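Structural features, examined
Chain by chain, the residues:
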Amino acid sequence: MSSSDILVSVRDLEVEFSTREGPVKAINKISFDIPRGKTVGLVGESGSGKSVTSLAAMRLIPNPPGQVTGGQILFNGTDLLKISEAEMRKIRGNKISMIFQEPMTSLNPVFTVGYQIAETLMLHQGLSKSQARAKTLDLLNQVGIPNPSQKIDAYPHEMSGGQKQRVMIAMAIGCEPDLLIADEPTTALDVTIQKQVLDLLQDLQEKYKMSMLFITHDLGVIADIADDVVVMYRGDIVEKNKTEEIFLRPSHPYTKGLLACRPPLTEHPRRLVTVSDFMTVDGKEKVAPKIEYVNPTRSFTEAANPVVLEVKDLKKHFPIRGGIFGGVVDHFKAVDGVSFSVRKGRTLGLVGESGCGKTTLGRTILRLIEPTGGDILWKGQNITHIGSEPMRQLRRQMQIIFQDPYASLNPRMTVGAAITEPMEIHKIHGQKAERLARAEHLLEKVGLPAKALSRYPHEFSGGQRQRICIARALAVEPEFIVCDESVSALDVSIQAQILNLLLDLQEEMNLTYIFISHDLAVVKFIADDVLVMNKGKIVEMASAEEIYKNPRDEYTRKLLSAIPKGVPKTLLDRGITLPNLNA
Amino acid sequence: MKFLARKIKGNSLWSDALRRLLNDRFATWSFVVITVYVVMAILVFFNLVGSSWQESMGPSREAPDLSQGPLHWMGLDIFGRSVVLKTIQGTYTAMYVGLVSSLIAIPIGVLFGAVAGYFGGWVDDLITWFSTMLANIPEFLLLIAIAIAMGKGTTTVCIALGVTSWVGLARLIRAEFMKHKNREYVVAAQALGGGHMRRIMKHIFPNVLHIVIISFSLRFVTGIKSEVILTYLGLGAEIGQRSSWGLMIADASGELMQGVWWGLAAATAAMFPIVLAFSLFADALRDAIDPKLRH
Amino acid sequence: MFAYIVRRLLYAIPILLGTTFLLFLLFNVVPGDPALQLAGKHATREVIETIRAELGLNKPWYGQYFDMLKQLITFDFGRSYWTKQKITDMILAGAGTSFSLGFPAFVISTSISLLVGLVIALYRGSKLDKGVVAFSVAAQSVSLLVYILAGQYFLAYKMGLFPISGYDPDFIGRWQYLVLPIIIFVFLSVAPELRFYRTIFLDELYQDYVRTARSKGLGTKAVLLRHVLKNAMIPILTNLVITIPFLILGSVLIESFFQIPGLGDLIVKAIANNDRPVLISMTVLGTFAYIIFNLISDILYALVDPRVQLK
């Protein structure tokens, strides 16, 4: 490749962040190229330095605490790190533009979206107000905003998350940049919206022949759109190659782990492979264990797997207030007449997009939210209206694990106190020493060292915190656990570890799960049966295999088609399957 | 104080915060100043220092004189009393006002804020309505109204400050409780079978405690400054009861034109370090407890 | 929008009734009979009774409370114990005077603190920022009274730049007396205000939309003056509206020291002379003004912030 084909060349880039404990290297002498008109995928887990790299290219690293300490970023041969701030401003939003992960907060709430797009055009292209408005309308049209002549005067809060991200894209492509940086642009969006935004980005890239740097933690997302892939791990680039090569012949164990840890859609492994199967903590390669495939349909018997939970016509309506006297004018029907049952030792998957009512349903079953109507039967006993004391007793049998591992542990309590608290509440397992011994045992069970007992939650990573939450839920020896998006906030590689842990625990203790998720691939892997929810109602209910193979409902089909295939389309078209890395 | 910081072993957010405080020069010096004033106030309370402040030491309004011993360093007042001793006595009044007004405002504010924020519904409506009413009366006028109703004196000043200032704290605590009660760790405690008391006291309260501590520090700032103004307006300590910086500054309004500056200077010099120390300490606490808020 | 304003107005009524009742309770727990105080030491029983009837003190409590509301609505508060003048006239005379002092001081101090707050937020962490913040913290650690005393002593008494105290009701003549009080007023307001504005600006500066604006290629000043300022102005504007009643109320201490016959001075004299009707009517009226401006501030907030959804 001749140098004129290279748009951006990052050379030995180094970034440092100053912390209370002294300077920490966020990026350690990395080098890679972005060819003209091509898409480069920058992949890594949180904290790998991928976002910092993109911010460095925009010269937007917050300083303090961050600082570029060495290297070059050559853009069309000019070192962006050397030019003046005034020159850099002419490049930002014009030659290089960027879209961010959080469409909700990335737009200015007090300006109309039309103004915010036009502002860029007026700044860089010297357009008049009316010219900029005409072009803004055209851009809104191009990014697929319905009814642009009306939406141009809308404020950000009047739009959905997907629409806001489209506005961000319109703003970014307005000046036809040479490089578009997309920093996890779809992570905060629902799967169906994610698919639409990815398609849009790909179309626009081809249309404007721009280069794209696409940052993500999920290799599957970029399989289709990236030409080259750069894999980052702890501030270093561990592998870079053509996308096809990365998928067919990954060389670094970390890349192998990333590729293998996504729940596959066609086969059914007994356990998911994780990054730690391929490499040790300090980055040394090891031989991965062989994957064991099992029959996806687990059989059950009436005697061994009786129905433990039955939900009949459950409703939860939230009042909407309005009018002069602030009276109830309408109801938001979060859960609207849902019926199903769960058998002991099995997992019911609950799938749907944000706002479909799945979280409300999960909490209503546990009476953490009081239902508006319907019945909840636990082992035949109707618990819909029982008093708080009997309900408190029942909580020993029914537990919940939440989505956000950062919010679900009390920051002022040690891990030991958090795990022993449930025993203290229910006055089980004797005295303090006995309880601590049991907490130690539980920690071991979820794969954490005993010394974690005296530590505080902030000293642990997201995945470790989720393990602590599981240990806490297990402290009361429950039979039934609601997992509410319990792996959604985690990086894919950590997600696989937690899913494996949940499966192991189920096998060992014969646990019953309701597994709530927006990700059909994850649900297909872990659940026996699946409910698809939309707007508070169940639209489809079948076994996990059945849902995937023969979806009957339109909405289910839409969800399924939105799952990233996780394989480059070019390979799929040629009928090439990915190698089994554990073979 | 860095050597002390290294001695803190724990790894909780509190010991982290304490370590950061001890590494913060401003915070440690503020703490030293606060300690000195508190010790002084305690000594005055037990009549170990300055108990003879009402005795006449010499001629009326004698100018500062370094040759006649420490009691004459800051001159004498209209009755020939030592300004140094009056200032020391005033330390007690200042700390008393800060402490007592805090002890009134903080429990009320925390209790009402916690109950309103946690339970919501009509309890919240009622408490919010009541505190909005109090907040609607301009603070200064409410202070006067309370002072009129209760008669003059230092205790009135404390009660008036306490009653007017719980509203702000209650609002803060209410907002925090509303935020925290829906956090997943609190819902988790509920799911584990924890009752309301456990959720309020063991889970949410430790997470809002820093607001209480900061507010305690800031109450002293407001208390000491308000005492001066209310005393000037004739609502605070009356002459002869006890000495206060407010009285000394109020007296200066008549004396300054006659060249008697030492009473004012002594009271101001005594007040400046302690008010500054409490302000800086509150700032440092905020930074240490929540580094995210650091600007 | 209309429904919102009506709802907000309706909500203000119980607040107003509750607050005035609270004040009523407060003023009626005062020990001592106002009639005795008014009648003097040697009054006969009949005289006291007549005064009681005149003041409405022989009515039941709800009658007395109703009288208080009636006073507020008719803007007729009776007469002062001390000066025997009509309180309404005293308040009207004082309000104009206080406004002459408060309004210029308000405009100047707000402009200065907004400007300085914006500049130090822009150069946050710099020596300038640290210096200004340190100065403002230190300045706030000295009592307001000390500044007033020192200003009066040095600038007026020692240097003779301004009159020491006094006032001239003439519209032109009053200003020579007001310059020094306004300067001191501005100085006292700027220190706390600029820290308040700085915090608001900094809160906005850390928002994600600022990063977006910068990624568009906007310069620091454009980001600050266009994007940040418009967001920050929402809390600032609503906050400013609430302070307006205090302008009319004036600075109690400054008026008292410089013998400017405004509302603040009226209050101080009423305290000194135990003039209850004046204090009560000032408190009730101040509270009323505060509620009204709170209402205006809320409605303004709903108008300027596009995020507030009015249903």
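Please read all numbers here as calculations on a predicted model, not as lab measurements.

Helix and strand counts for chain C come out as 13 helices and zero strands. Moving toward the C terminus, one meets the helices and strands of chain C in the order α-α-α-α-α-α-α-α-α-α-α-α-α. Buried residues in chain C amount to 50% of all 311 residues. Sequence-distant contacts in chain C: of pairs separated by 6 or more residues, those separated by 24 or more amount to 71%. Mean positive and mean negative side-chain charge positions of chain C (27 and 19 charges, respectively) differ by 11 Å.

Right, let's get into the packing of aromatic side chains. By the definition in use, this model includes 24 aromatic pairs over all chains. An angle of 20° between the planes, with centres 6.3 Å apart, marks the rings of Phe130 of chain B and Trp166 of chain B as stacked. A residue pair is termed long-range when its members are at least 10 positions apart, and Phe130 of chain B in helix H5 (residues 121-136) and Trp166 of chain B in helix H7 (residues 154-181) qualify at 36 residues. Residue Phe130 of chain B is classed as partly exposed on the basis of its relative accessible area of 31%. A cation over a ring is seen here: Lys524 of chain A above Tyr548 of chain A, with NZ or CZ 5.3 Å from the ring centre.

With that settled, the discussion passes to the sheet that holds strand E11 (residues 307-322) of chain A. All names here are of chain A. Taken in spatial order, the four strands of this open sheet run E12-E11-E14-E15, and their pairing is antiparallel. Of all the strands in the sheet, just strand E12 (327-343) and strand E15 (381-382) have a single pairing partner and so form its edges. In this sheet, E15 lies alongside strand E14 (residues 373-378) in antiparallel orientation, the contact comprising two bridges. In the strand pairing of E15, Leu377 is matched with Asn382. Strands E11, E12 and E14 of the sheet are contacted by helix H13 (residues 358-365), whose axis makes an angle of about 120° with E11.

Residue and element names in this part refer to chain B. Together, Val38, Ile42, Phe45, Phe46 and Leu48 give the surface a local cluster of nonpolar side chains, amounting to about 510 Å² of exposed area. With respect to the helices and strands, Ile42 occurs in helix H3 (residues 25-45). Residue class for Ile42 comes out partly exposed when judged on its relative accessible area of 43%.

Accessible area lost during the coming together of the parts is what is often quoted as the interface size. Across the boundary between the two partners, chain B contributes 39 residues, which contact 47 residues of chain C. Together chain B and chain C conceal approximately 3,800 Å² of surface at their shared face, both sides included; 78% is due to carbon and sulfur atoms. At the junction of chain B and chain C, the tally comes to one salt bridge. The partner of Asp283 of chain B in a salt bridge is Arg195 of chain C, and the shortest N-O contact between them spans 3.2 Å. Our enumeration of links across chain B and chain C arrives at four residue pairs in polar contact (both at pLDDT 80 or more). Mapped onto the side of chain B that touches chain C, the elements with two or more residues apiece are H5, helix H6 (139-150), helix H9 (196-232), helix H10 (245-255) and helix H11 (262-289) of chain B. When residues of the side of chain B that touches chain C are assigned to their parent elements, the largest contribution, nine residues, is made by H11 of chain B. Here the side of chain B that touches chain C is built from residues that sort into 30 nonpolar, seven polar and two charged.

With that settled, the discussion passes to the pairing of strand E10 (residues 236-242) of chain A. Residue and element names in this part refer to chain A. One ladder, built from six bridges, connects strand E9 (residues 228-233) with E10; its direction is antiparallel. Across the sheet, residue Val229 finds its bridge partner in E10, namely Asn241. Where E9 hands over to E10, the hairpin turn is made up of two residues, of which Arg234 adopts a positive phi near 50°.

Next up on the list: the pattern of salt bridges. For the structure shown, the criterion picks out 48 salt bridges over all chains. Notably, a salt bridge pairs Arg59 of chain A with Glu85 of chain A, separated by 3.4 Å at the nearest N-O pair. With a gap of 26 residues between them, Arg59 of chain A in the loop between helix H1 (50-58) and strand E4 (66-75) and Glu85 of chain A in helix H2 (residues 85-91) connect regions that are remote in the sequence. Each of Arg59, Glu85 and Arg92 of chain A together with Arg214 of chain C takes part in salt bridges that share partners, so that together they form one network.

Once that is clear, we can look at H5 of chain B. Given a rise of 1.5 Å per residue, 16 residues ought to cover 22 Å, and the 22 Å separating the end C-alpha atoms of H5 of chain B matches this to within 8%. Those residues of H5 of chain B lying buried are Asp124, Ile127, Ser131, Thr132, Met133, Leu134 and Asn136 of chain B. Summarising the contacts, the buried residues of H5 of chain B are in contact with helix H4 (83-119), H6 and H7 of chain B together with helix H1 (2-28) and helix H13 (276-304) of chain C.

This part takes up the domain arrangement of chain C. Residues and elements named next belong to chain C. Each domain of chain C was delimited in the assignment, giving domain 1 (2-73) and domain 2 (95-304). Taking only C-alpha atoms, the centre of domain 1 and the centre of domain 2 are 33 Å apart. Taken together, the 16 residues of domain 1 in the interface contact 14 residues of domain 2. Roughly 1,400 Å² of surface becomes buried between domain 1 and domain 2 when both sides are summed, with 78% attributable to carbon and sulfur atoms. If you sort the residues of domain 1 by the area they bury against domain 2, Arg8, Phe27 and Leu72 come out on top, with a joint share of 36%. There are one salt bridge connecting domain 1 and domain 2. Asp298 serves as the salt-bridge partner of Arg8, at 2.7 Å between the closest nitrogen and oxygen.

Time to look at the interface of chain A and chain B. Contacts between the two partners involve 30 residues from chain A and, on the opposite side, 26 residues from chain B. Between chain A and chain B, roughly 2,500 Å² of surface is buried when both sides are summed, and carbon and sulfur atoms account for 52% of that area. Across the contact surface, chain A and chain B share four salt bridges. A salt bridge links Glu424 of chain A to Arg198 of chain B; its shortest N-O distance comes to 3.4 Å. For the pair chain A and chain B, the interface holds twelve residue pairs in polar contact (both at pLDDT 80 or more). At the level of secondary structure, the elements contributing two or more residues to the side of chain A that touches chain B comprise strand E16 (398-401) and helix H15 (415-425) of chain A. Considered class by class, the residues forming the side of chain A that touches chain B number eleven nonpolar, seven polar and twelve charged.

With that out of the way, let us pick up the environment of Thr128 of chain B. Looking at where Thr128 of chain B falls in the secondary structure, it is placed in helix H5. Sequence separation of Thr128 of chain B and Ile274 of chain B is 146 residues, and the distance between their C-alpha atoms is 34 Å.

So, about the sheet that holds strand E17 (residues 480-484) of chain A. All names here are of chain A. Read across the sheet, six strands follow the order E16-E17-E18-E13-E19-E20 without closing on themselves; strand pairing throughout is mixed. Lying at the two open borders of the sheet, with one neighbouring strand each, are E16 and strand E20 (537-543). Direction aside, neighbouring strands of the sheet carry axes that sit 15° apart on average. Along the sheet, helix H18 (residues 492-509) makes contact with strand E13 (347-351), E16, E17 and strand E18 (512-517), crossing E18 at roughly 160°. Along the sheet face, helix H21 (residues 554-562) touches E13, strand E19 (529-534) and E20 and points at about 105° away from the line of E19.

Residues other than glycine seldom take positive phi values, yet Glu176 of chain A does so here, at roughly 45°. By the element assignment, Glu176 of chain A lies in the loop between helix H7 (161-173) and strand E7 (179-183). One non-glycine residue, Asn47 of chain B, adopts positive backbone phi at about 55°. Within the secondary structure, Asn47 of chain B sits in the loop between H3 and H4.

On to the packing of H9 of chain B against H11 of chain B, then. Angle between the axes and distance between the axes: these two values describe a pair of packed helices. All names here are of chain B. Interhelical geometry of H9 versus H11 gives an angle of 160° and a closest axis separation of 9 Å. When the axis of H9 is compared with that of H11, the two are roughly antiparallel. Crossing handedness for the pair H9 and H11: left-handed. Along its contact with H9, which presents His210, Ile213, Ile214, Ser217, Leu218, Phe220, Val221, Ile224, Lys225 and Val228, the element H11 presents Met271, Ile274, Val275, Phe278, Ser279, Phe281, Ala282, Leu285, Arg286 and Ile289. Considering only residue class, the contact of H9 with H11 consists of 15 nonpolar, three polar and two charged.

An α-helix turns once every 3.6 residues. As a result, residues three or four positions apart point the same way. An ideal rise of 1.5 Å per residue puts 39 Å on 27 residues; H1 of chain C measures up with 39 Å between its terminal C-alpha atoms. By the burial criterion, the buried members of H1 of chain C are Tyr4, Val6, Arg8, Ala12, Ile15, Gly18, Thr19, Thr20, Leu22, Leu23, Phe24 and Phe27 of chain C. Taken together, the buried residues of H1 of chain C touch H5 and H6 of chain B together with helix H4 (61-74) and H13 of chain C.

The rules we used
- All chains use their own residue numbering, which begins from 1 and follows the written sequence.
- Chains and ligands are labelled sequentially in the order written, the chains with letters from A and the ligands with numbers from 1.
- Per-residue local features of the predicted model are confined to residues with pLDDT of at least 70, and side-chain atom pairs are confined, for both listing and counting, to 80 or more; whole-chain, interface and lining totals are unaffected and use all residues.
- The basis for every side-chain value is the complete set of heavy atoms in the structure, and neither hydrogens nor water enter the calculation.
- Numbered from the N terminus, helices here are DSSP runs of H or I no shorter than four residues, and strands are runs of E no shorter than two.
- Each residue's exposure class comes from its accessible area (1.4 Å probe, protein chains only) as a fraction of the maximum for that residue type: buried when under 20%, exposed when over 50%, partly exposed otherwise.
- Should any heavy atoms of two residues lie within 4.5 Å, those residues are considered in contact.
- Neither His nor the chain termini are counted; the positive set is Lys and Arg, and the negative set is Asp and Glu.
- All charge positions are set by atom: Lys at NZ, Arg at CZ, Asp at CG, Glu at CD.
- Only rings of Phe, Tyr and Trp enter the pairing, Trp through its six-membered ring, and a pair is recorded when the two centres are within 6.5 Å. The plane angle decides the type: under 30 degrees is stacked, over 60 is edge-to-face, the rest tilted.
- Here, a charge over a ring means that NZ of Lys or CZ of Arg falls within 6 Å of the ring centre while also lying within 35 degrees of the ring normal.
- What makes two strands pair is DSSP finding at least two bridges between them.
- To get an axis, fit a line to the C-alpha atoms, keeping to the stretch in contact for a helix; angles then go from 0 to 180 degrees between the N-to-C directions.
- The patches described consist of residues with a relative accessible area above 30% and no salt bridge, like charges being joined within 9 Å and nonpolar side chains (Val, Leu, Ile, Met, Phe, Trp, Tyr) within 5 Å.
- All accessibility values rest on the Shrake-Rupley procedure with a 1.4 Å probe; residue burial counts only the protein chains present in the view.
- The term salt bridge refers to a pairing of a side-chain nitrogen on Lys or Arg with a carboxyl oxygen on Asp or Glu at a separation within 4 Å.
- Defined here as a combined quantity, buried area equals the accessible surface (1.4 Å probe) lost by two parts on assembly, summed across both.
- Polar contact is defined as a pair of N or O atoms within 3.5 Å, subject to the rule that within protein one atom must be able to donate a hydrogen and the other to accept it, and that residues adjacent in sequence are counted only when both atoms are side-chain atoms.
- Charged means Asp, Glu, Lys or Arg here, nonpolar means Ala, Val, Leu, Ile, Met, Phe, Trp, Tyr, Cys or Pro, and polar covers whatever is left, Gly included.
- A helix is expected to span 1.5 Å multiplied by its residue count minus one.
- Segmentation of the chain into domains, including their bounds, is taken from an automatic or database domain assignment.
- Small angles under 35 degrees read as roughly parallel and large ones over 145 as roughly antiparallel, with 65 to 115 read as roughly perpendicular and the rest as oblique.
- A clockwise turn of the near helix away from the far one marks a right-handed crossing, whereas an anticlockwise turn of less than a right angle marks a left-handed crossing.

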